[in-house]
Amino acid sequence: SQTIHQWPATLVQPVGSPLSLECTVEGTSNPNLYWYRQAAGRGLQLLFYSVGIGQISSEVPQNLSASRPQDRQFILSSKKLLLSDSGFYLCAWSSTQNTEAFFGQGTRLTVV
Amino acid sequence: GQQVMQIPQYQHVQEGEDFTTYCNSSTTLSNIQWYKQRPGGHPVFLIQLVKSGEVKKQKRLTFQFGEAKKNSSLHITATQTTDVGTYFCAGMDGNNRLAFGKGNQVVVIP
């Protein structure tokens, strides 16, 4: 069966520090991968999505970046965090056959 | 790009009553998906609609996809306290881009 792992679950980082959130998927190949951000009590904002290794589509210009170094690995990064980067970050995957998305447990990031 | 809008954003529903939440897209969708997020949790897939005019039921939940494949609705009957949470619709375009609406946060009043 397919599983998605996302870590860490919570993170507190100072302003200006770097960020690296990792997401891995098991039990499937060539998945579509997504990074979303959810501000407190708000909707899901699509940040990046990828349909294959090295293929990243960015939705919103900001100080975040994403990479897909391996087929089932998706990384969200920042060189210098801002206070406004605080939020709940969710990784998700779907198959290439246009099916539903499965979410990781999420990372609650607080920038102080 | 594709925009998915949901109304209302918030609902307070008396236990036992019915309610409906709506989803509208600026473009035609290849499919529409509905998710539920419990407080403190992550979104969990409920259902996917693909065909124009499609209606699907899951116990007390009825999902409908519009004829033009640009809108959808979720209707819940006899609301229970377990229905509390945020309901999201999401549309997938031809590039496998999955965009979510802002969600409908539902509070159930016992």
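Note: the structure precedes this text.
Cut-offs applied
- Residues numbered from 1 in each chain as written.
- Chains lettered and ligands numbered in written order.
- Predicted model: local features only at pLDDT ≥ 70, side-chain atom pairs only at ≥ 80, totals over all residues.
- Heavy atoms only, no water.
- Phe/Tyr/Trp six-rings, centres within 6.5 Å; stacked < 30°, edge-to-face > 60°.
- Helix = DSSP H or I, 4+ residues; strand = E, 2+ residues; numbered from the N terminus.
- Buried < 20%, exposed > 50% of the residue type's maximum accessible area, 1.4 Å probe, protein only.
- Pairing = 2+ DSSP bridges.
- Axes fitted to C-alpha atoms, helices over the stretch in contact; angles between N-to-C directions.

A. Main features of the packing of aromatic side chains. Residues and elements named next belong to chain B. Evaluated as defined, the whole model comprises 13 aromatic pairs over all chains. Ring centres 6.3 Å apart and planes at 65° place the aromatic pair F19 and Y87 in the edge-to-face group. Placement of the pair is F19 in strand β3 (residues 19-25) and Y87 in strand β9 (residues 85-92), with a sequence separation of 68 residues. In this structure, F19 and Y87 share a single accessibility class: buried. Measuring from centroid to centroid gives 6.5 Å for W34 and F63, while their planes differ by 55°, and the two rings are tilted. Taken together, the residues span a long stretch of sequence, with W34 in strand β4 (residues 31-37) and F63 in strand β7 (residues 61-65) at a distance of 29 residues.

B. Molecular detail of the sheet that holds strand β7 (residues 64-70) of chain A. All names here are of chain A. Read across the open sheet, the four strands follow the order β1-β3-β8-β7; overall the sheet is antiparallel. If you trace the sheet from one side to the other, it starts and ends with β1 (3-7) and β7, each paired once. When strand polarity is set aside, the average angle formed by the axes of neighbouring strands in this sheet is 15°. Here strand β3 (residues 19-26) pairs with strand β8 (residues 73-78) via six bridges, running antiparallel. Note that in β8 the partner of L19 across the bridge is S78.

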